[in-house]
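Per-entry structural report
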Amino acid sequence: MSEPLEVVFVGLGYIGLPTAVVMANHGVRVHGVDVNASAVERIQRGEVTIVEPGLEEQLKQAVNSGRLTATTEMQHGDAFVIAVPTPFKENHEGDLTYIMSAAESIAPQLRGDETVILESTSPPRTTEKLAAKIMELRPDLSLDGEDGKPVVHFAYCPERILPGKALEELITNDRIIGGRTPEAGRRAKRVYASFCEGELLETDDVTAEMSKLTENSFRDVNIAFANELSLIADNLGIDVWELIELANHHPRVNILQPGPGVGGHCIAVDPWFIVAADRENSNLIRTAREVNDGKPKWVIRQVEEACSHIESPVIAALGLAFKANIDDLRESPAMNITKDLAQHVSHATVLAVEPNVSELPKALQGLPNVEFAEYQDAIERADVVLLLVDHDEFKALPAAALKGKAVVDTKGLWR
């Protein structure tokens, strides 16, 4: 690869934009590519398109330095990093449409000696399929050079960052470098060594893919245990948060906190990729997914019970994001609960509250009994207050504000 390093980042969303910014501010020349023309224009002006602490300042620095540019047209670089969505289909198998679309855009730019890195969380052997797709489109290139053709190298290097702490964790977290070949691993390692202070752990691409799925499935199984405990505790008339607090005093017990479900693009999706890869041996992982996917129905039943005696109830649904203090609505149980409440309790007015977005999300638009509201106004008007996300704004709420309200607290914030 030529000096200095030049990287094309494909996808400028919740993972792609922070990573591209951090790369650029560590001296890498970065071309950011995204199909969203509006987002590209904003990024070119140094305006953030997602909520992430500290990102706007660093984005302006990267753009003003000239090391980061954004465009809708694919560019050439020494390396291509793909960070596009990987949803799942109705049968819970991975939908690789966005990855293969990226492959189609990258293929014409290749000359040989480039490295193509997949970051998107993916089912096992996706990197292999990506490489095969590009080789199909570019038969003049090679994976190994044995036929004398120019070589393109492929690797899988999953992201591991926590929204809200992305800029810090991009630099400090260890990274897995999964090369299709040892040389691909070496080249991919150089890309991440340009900004990552954590350990760079080399392996093959399939192991790297499975490692990312394993990390998130581990968390999903543990969250499912907490969520299942919350159902049992409710039936027994026990405060589940007190129960967990007491149990966690055991030196070898560390139970997580229950909630309204599990959201985000990773934990709510990745375990299904393992299940789809081996349905016979993934019973625990599948059951955990079913427990977590079922928790929103329990929450809705709690709200229905709370407002059953009110003729025209007003429900304040506090929080729509999948976790606290971010604007990411992907696979959010809070969003789904709010939508289902509006549809199932059609005689109620649902006040949707999300302090990190500026307007009613598209998923809720068109529902006649849903209004977008500020949280103080929503609580004042509400008969039932449903806490779905523990945003800082809600933590600061005085107890007096809830007086006389029916409260369904899925996060244990006001117990």
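Since we're looking at a predicted model, the values are computed, not measured. Here the residue index of a chain counts from 1 through its sequence in written order. Totals for whole chains, interfaces and linings use every residue, but because this is a predicted model, local features are given only for residues with pLDDT of at least 70 and side-chain atom pairs only at 80 or more, for both listing and counting. The side-chain figures draw on all heavy atoms in the structure; neither hydrogens nor water molecules are used.

1. Quick notes on the nonpolar core
One broad trend across soluble globular proteins is that nonpolar side chains are buried collectively. Here is the rule: Residue types Ala, Val, Leu, Ile, Met, Phe, Trp, Tyr and Cys, when buried and joined through side-chain atoms within 4.5 Å, form a set referred to as a nonpolar core. To sort residues, take the accessible area from a 1.4 Å probe on protein chains only and compare it with the maximum for the residue type: under 20% means buried, over 50% means exposed, and anything in between is partly exposed. Numbering of helices and strands runs from the N terminus; a helix is a DSSP stretch of H or I covering at least four residues, while a strand is a stretch of E covering at least two. Whether two residues are in contact is decided by their heavy atoms, any of which lying within 4.5 Å being enough.
In terms of nonpolar packing, the biggest core is built from 41 residues, with Met23, Leu68 and Tyr192 touching the most fellow members. At the level of elements, strand E1 (6-10), helix H1 (16-25), helix H2 (37-44), helix H3 (55-65), strand E3 (68-71), strand E4 (79-82), helix H6 (166-172) and helix H7 (182-193) are the ones that each hand at least two residues to this core. By residue number, the principal contributor to this core is H1, which donates six residues. Residues in contact with Tyr192, not counting those within four places in the same chain, are Val81, Ile117, Glu119, Cys157, Arg175, Ile177 and Leu200.

2. Concerning the UniProt feature "domain: UDP-glucose/GDP-mannose dehydrogenase C-terminal" (unreviewed entry) in the protein
The criterion, for reference: UniProt positions are given in the numbering used here, feature names are shortened, and annotations may be inferred rather than shown by experiment.
Taking the numbering used here, the UniProt-annotated feature "domain: UDP-glucose/GDP-mannose dehydrogenase C-terminal" (unreviewed entry) corresponds to residues 316-415. Counting secondary structure, residues 316-415 comes out at 23% helix and 19% strand; the distance between its end C-alpha atoms is 18 Å.

3. Points about the pattern of salt bridges
Cut-off, in case you're wondering: Salt bridge, as used here, is a side-chain nitrogen of Lys or Arg placed within 4 Å of a carboxyl oxygen of Asp or Glu.
Under the defined criterion, the tally for this structure stands at 23 salt bridges. Glu183 is paired through a salt bridge with Arg186; the nearest N and O atoms lie 2.7 Å apart. Of this pair, Glu183 and Arg186 both sit in helix H7, three residues apart, which is roughly one turn of the helix. Note that Glu202 is salt-bridged to Lys189, the shortest N-O span being 3.1 Å. Here Lys189 lies in helix H7 and Glu202 lies in strand E8 (residues 200-204), a separation of 13 residues in the sequence. Judged by relative accessible area, which is 28%, Lys189 ranks as partly exposed. The network of salt bridges with shared partners includes Asp113, Glu183, Arg186 and Arg187.

4. So, the domain arrangement of the protein
To be explicit about the condition: By convention here, the domain bounds are inherited from an automatic or database domain assignment. Two parts placed together each lose some accessible area under a 1.4 Å probe, and the buried area is that loss summed for both. Under this definition, polar contacts are N or O atom pairs within 3.5 Å; protein pairs additionally need one hydrogen-donor-capable and one acceptor-capable atom, and for neighbouring residues in sequence, both atoms have to be side-chain atoms.
Domain boundaries in the protein define domain 1 (6-198) and domain 2 (214-409). Contacts between the two partners involve 21 residues from domain 1, matched on the other side by 19 residues from domain 2. Together, Tyr14, Val51 and His92 form the three largest contributors to the area buried by domain 1 at its contact with domain 2, with a combined 35%. Counting every contact that joins domain 1 to domain 2 gives one salt bridge. Residue Glu215 is joined to Arg160 by a salt bridge in which the shortest nitrogen-to-oxygen separation is 2.6 Å. Seen at the junction of domain 1 and domain 2, the total is five residue pairs in polar contact (both at pLDDT 80 or more).

5. With respect to unusual backbone geometry
For His92, which is not glycine, the phi dihedral falls at a positive 70 degrees. Mapped onto the fold, His92 is located in the loop between E4 and helix H4 (97-106). Unlike most non-glycine residues, Asp113 shows phi in positive territory, near 80 degrees. Locating Asp113 in the fold gives a position in the loop between H4 and strand E5 (115-118).

6. Digging into the environment of Val407
Mapping Val407 onto the fold places it in strand E13 (residues 406-409). Residue Val407 is classed as partly exposed on the basis of its relative accessible area, which comes to 36%. The spacing of Val407 and Gly263 is 144 residues in sequence and 22 Å in space, taken between C-alpha atoms. With residues near it in sequence (within four places) discarded, Val407 still touches Val385, Leu402 and Trp414.

7. Remarks on the pairing of strand E9 (residues 314-318)
Selection criterion: If DSSP finds at least two bridges between two strands, the strands pair. A clockwise path from the first strand over the helix to the second, with the strands pointing away from the viewer, defines a right-handed crossover.
In terms of burial, E9 is a largely internal element, five of the five residues being buried. Going residue by residue along E9, you find Val314, Ala316 and Leu318 tucked away on one face and Ile315 and Ala317 tucked away on the opposite face as well. As paired elements, E9 and strand E10 (residues 349-353) share five bridges and run parallel to each other. Counterpart to Val314 in the pairing with E10 is Thr349. Chirality of the crossover, the property in question, places the unit of E9, helix H12 (residues 333-344) and E10 among those that are right-handed. Here E9 runs beside strand E12 (residues 384-387); their pairing, made up of four bridges, is parallel. Looking at the pairing, Ala317 lines up with Leu386 of E12.

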